[in-house]
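# Survey of secondary and tertiary structure
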Amino acid sequence: MTRPLISALTAILLLVVAAVGTSSSASAAEDVHIDVANFYFCDPSFLNNVCETTIAAGDTVVWDDVGGLHTVTQCDDTFSACPPSGGFDSGFLNPDDTFTQTFDTPGTVSYWCSIHPVQMRGRIIVEAQETPTPTPAATPPPTTMPTSTPGDGTPTASPVITPADVPSTGGAPNGNGDSSLLALIVALGIAIASASVLTLVGTRRR
Ligand SMILES: [Cu+2]
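Everything quoted here is computed from the prediction, not taken from an experiment.

## Section: the overall build of the protein
On a plain count of helices and strands, the protein comes out with two helices and eight strands. Secondary structure elements in the protein, listed N-terminal to C-terminal, are α-β-β-β-β-β-β-β-β-α. The proportion of buried residues among the 206 residues of the protein is 24%. For the protein, the proportion of contacts with a sequence separation of at least 24, taken over those separated by at least 6, is 69%. Total accessible area computed for the protein in this model is approximately 13900 Å², and 60% of it derives from carbon and sulfur atoms.

Next up, the structure:
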């Protein structure tokens, strides 16, 4: 086989493996919206108060100006430096303007409107993203029928039969759907690859 054909074959097999492996995915980052209005963040109950919004690390906060001229300006924890060095500042927001900020680091970030610093304050609480634990392939517990021993009334613990102990002779065992599907997909991939090889070889001979 020539190199391009081998690469094509490898690519097809990789595609098959990728298709099989896409079943698990990490939880996606979200957009969290916060209203900015006269004269509050979040909702009117936070007038002269601090609206706290909890998000997950990696989420993006979208402040939507739904009325009035405001800013979204980061502050230090005590609202004494706004913005602190390197902090964000939206500048003036008019109605229908939005300001977005993505928070990747767990912690608490305070902000206010620099035009209405007493009425309008908020905090973003960034919680650590849970690391998605990969779900191991579920091994179906072996179903062991309780063996009734005639005459012997003593109940004994059912023997634990691990899949390795099951003899490979006889009919197809149940619960093998995943590996059968995988085998089918791989076989399909190889078939497609062979077909491509034959087509390519045929094209070259012409
Ligand atoms: Cu304001």
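Let us keep going from here.
## Let's talk about the coordination of the copper ion
With distances of 2.0 to 2.7 Å, the protein atoms coordinating the copper ion are His 70 (ND1), Cys 113 (SG), His 116 (ND1) and Met 120 (SD). One can describe the site at the copper ion as tetrahedral: its four donor atoms subtend angles covering 87 to 132° at the metal. For the copper ion, the single-chain donor residues occur in sequence as H-x42-C-x2-H-x3-M. The residues Cys 113 and Met 120 share a single accessibility class, namely buried.

## Topic: the nonpolar core
In this structure, Phe 41, Trp 63, Val 72, Phe 103 and Ile 124 are the most contacted members of the largest nonpolar core, which totals 21 residues. Within the residue set of this core, elements represented by two or more residues are strand S1 (31–37), strand S3 (49–56), strand S4 (60–65), strand S7 (107–112) and strand S8 (120–127). Beyond its immediate sequence surroundings of up to four residues, Phe 103 is in contact with Ile 55, Ala 56, Ala 57, Gly 58, Asp 59, Val 61, Trp 63, Phe 88, Val 109, Ile 124 and Val 126.

## A few points about the side chain of Thr 73
Mapped onto the elements, Thr 73 comes out in strand S5 (residues 73–75). Thr 73 sits in the buried class, given a relative accessible area of 1%. Dropping the residues within four chain positions of it, Thr 73 is found in contact with Cys 82, Pro 83, Phe 88, Asp 89, Ser 110, Tyr 111, Trp 112 and Ser 114.

## Let's talk about the sheet that holds strand S6 (residues 98–102)
Paired through their backbone hydrogen bonds, the strands of a sheet run either parallel or antiparallel. Within the open sheet, the four strands sit side by side as S2-S1-S4-S6. Their pairing is mixed. Either end of the sheet is taken by a strand with one partner, and the two such strands are strand S2 (40–41) and S6. As judged from the six bridges shared by S1 and S4, these two strands associate in the parallel manner. Within S4, the residue paired with Ile 34 across the bridge is Trp 63.

## Thoughts on the state of the cysteines
Applying the stated criterion across every chain, the model contains two disulfides. The disulfide partner of Cys 42 is Cys 51, and the gap between their sulfur atoms is 1.7 Å. Between Cys 42 and Cys 51 the disulfide shows an S-S torsion of about -80°. By sign, it is left-handed. Comparing Cys 42 with Cys 51, the two get one shared label, buried. The disulfide partner of Cys 75 is Cys 82, and the S-S distance across this bridge is 2.1 Å. Taking the torsion about the S-S bond as the criterion, the Cys 75 to Cys 82 disulfide, at about 115°, is right-handed. A residue is classified by how much of its surface remains accessible, and Cys 75, at 3% relative accessible area, is buried. Under the relative-accessibility criterion, Cys 82 is labelled partly exposed at 23%. Within the protein, bonded cysteines paired by disulfides and numbered along the sequence follow the pattern 1-2, 3-4.

## Brief notes about the environment of Val 32
Following the sequence through the fold, Val 32 ends up in strand S1. Sequence separation between Val 32 and Ile 55 is 23 residues; the distance between their C-alpha atoms is 7.5 Å. Not counting chain neighbours up to four residues away, the residues in contact with Val 32 comprise Thr 53, Ile 55, Asp 59, Thr 60, Val 61 and Val 62.

## A word on the pairing of S1
Across two bridges, S1 lies against S2 in antiparallel orientation. Paired with Ala 37 across the bridge in S2 is Tyr 40. Where S1 folds back onto S2 in an antiparallel hairpin, the turn is made up of two residues.

Criteria and thresholds
Residues numbered from 1 in each chain as written. Predicted model: local features only at pLDDT ≥ 70, side-chain atom pairs only at ≥ 80, totals over all residues. Heavy atoms only, no water. Helix = DSSP H or I, 4+ residues; strand = E, 2+ residues; numbered from the N terminus. Buried < 20%, exposed > 50% of the residue type's maximum accessible area, 1.4 Å probe, protein only. Contact = heavy atoms within 4.5 Å. Areas by Shrake-Rupley, 256 points an atom, 1.4 Å probe, with all protein chains shown as cover. Donors = N, O, S within 2.8 Å, 3.2 Å for Na, K, Ca; no water. Tetrahedral: all angles 85-135°; square planar, octahedral: opposite > 155°, others 65-115°. Core = buried A, V, L, I, M, F, W, Y, C linked by side-chain atoms within 4.5 Å. Pairing = 2+ DSSP bridges. Disulfide = S-S within 2.5 Å.

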